[in-house]
Amino acid sequence: MPQVLEFSDVVVRRNARDIVDHLQWSVADDQRWVILGPNGAGKTTLLQLAATLIHPTSGQVDVLGERLGRTDVFELRPRIGFASSAMARRVPPEETVLNVVLTAAFSVLGRWNEAYEDIDERRALRVLAEWRLDHLADRTFGTLSDGEQKRVQIARAVMTDPEILLLDEPTASLDLGAREELLTLLSGYAKAPTTPAMIMVTHHVEEIPVGFTHVLLLNAGRAVAAGPIAQTLTAEALTDTFGQPIVLTEDGGRYAARAAH
Ligand SMILES: Nc1ncnc2c1ncn2[C@@H]1O[C@H](COP(=O)(O)OP(=O)(O)OP(=O)(O)O)[C@@H](O)[C@H]1O
Ligand SMILES: [Mg+2]
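Residues numbered from 1 in each chain as written. Chains lettered and ligands numbered in written order. Predicted model: local features only at pLDDT ≥ 70, side-chain atom pairs only at ≥ 80, totals over all residues. Heavy atoms only, no water.

1. Quick notes on the sheet that holds strand 5 (residues 66-67)
Point 1. The strand order 2-1-4-5 describes an open sheet built from four strands, whose pairing is antiparallel. Either end of the sheet is taken by a strand with one partner, and the two such strands are strand 2 (17-28) and strand 5.
Point 2. Pairing geometry for strand 4 (residues 58-63) and strand 5, over two bridges, is antiparallel. Bridged to Asp62 within strand 5 is Arg67.
Point 3. Lying on the sheet, helix 1 (residues 43-50) is in contact with strand 1 (3-14), strand 2 and strand 4; it crosses strand 1 at an angle near 125 degrees. (Pairing = 2+ DSSP bridges. Helix = DSSP H or I, 4+ residues; strand = E, 2+ residues; numbered from the N terminus. Contact = heavy atoms within 4.5 Å. Axes fitted to C-alpha atoms, helices over the stretch in contact; angles between N-to-C directions.)

2. Quick notes on helix 1
Helical geometry note: an α-helix holds 3.6 residues per turn, so side chains three or four residues apart project in the same direction.
Point 1. Within helix 1, six of the eight residues are buried, which leaves the element mostly enclosed by the surrounding structure.
Point 2. Looking at helix 1, one finds that the buried residues are Lys43, Thr45, Leu46, Leu47, Leu49 and Ala50.
Point 3. Trailing helix 1 by a residue or two, Thr52 shows a phi angle of about 65 degrees, which is positive. (Buried < 20%, exposed > 50% of the residue type's maximum accessible area, 1.4 Å probe, protein only.)

3. Examining the pairing of strand 7 (residues 164-168)
Point 1. Most of strand 7 sits out of view: five of its five residues are buried.
Point 2. Burial along strand 7 is two-sided: Ile164, Leu166 and Asp168 and Leu165 and Leu167, pointing in opposite directions, are all buried.
Point 3. In this sheet, strand 7 lies alongside strand 6 (residues 80-83) in parallel orientation, the contact comprising four bridges. Residue pairing across strands places Ile80 opposite Ile164, the latter belonging to strand 7.
Point 4. With five bridges joining them, strand 7 and strand 8 (residues 197-202) adopt parallel strand pairing.

Written out as structure tokens, the structure reads:
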């Protein structure tokens, strides 16, 4: 399987501290990764590298076969979908949901004519339906609930048919029902053969969608463990990652963790 990401001895240094510390990591195009780790572990920083928004201080980052520092990131970025709350904050609240998704295509195509307008609008409506947002197409982004806004961010990220989909805490701040609904959508998407490589950051093993294949456990910029979920996600590895004794249970591909007292 072709590699969509290849991190080799990657260091990101900020204020004389290695917030990514000699990391090796590779992601193949049929893999769906979850990144778990405590606050400040470097999860968002890894997504920013993968999204070509930052460069490593040392080491090599290859994204879709192109090496950061030797390639035009503006050509790479349209091939990468990235949904995060930082990006959602930049969406004008008065923009309609349809436009939030549709404009993802315009920024890529960089042109506007009627033929494209039609094709793009049809695709945007299809993507909205896929993420159960069709009934909200005409609502303004600012009037949506957090859960609805999260789904719009993802719909915008997949609109351009990316080759890597990066999701930074897509389930944060959702209520139980909204979280479960989004996890079901993410599971369905993860299992479809046409879906690109996915990398999702989360704080909770409860939020790993069924169908995700790999996990990277991160602490202080280092990989504590990385590999297929079934072998890698263990109580021991979580204990090392979070620095306290953890008990882990699994039921039908869903996980639950708590402190061991
Ligand atoms: N530009 C910067 N300058 C200084 N420190 C930074 C910078 N960017 C990130 N950091 C620090 O690097 C560490 C990793 O940050 P990062 O946002 O990647 O963590 P995270 O794992 O996503 O955390 P969280 O779970 O809280 O979102 C943090 O301690 C953060 O304060
Ligand atoms: Mg983060």
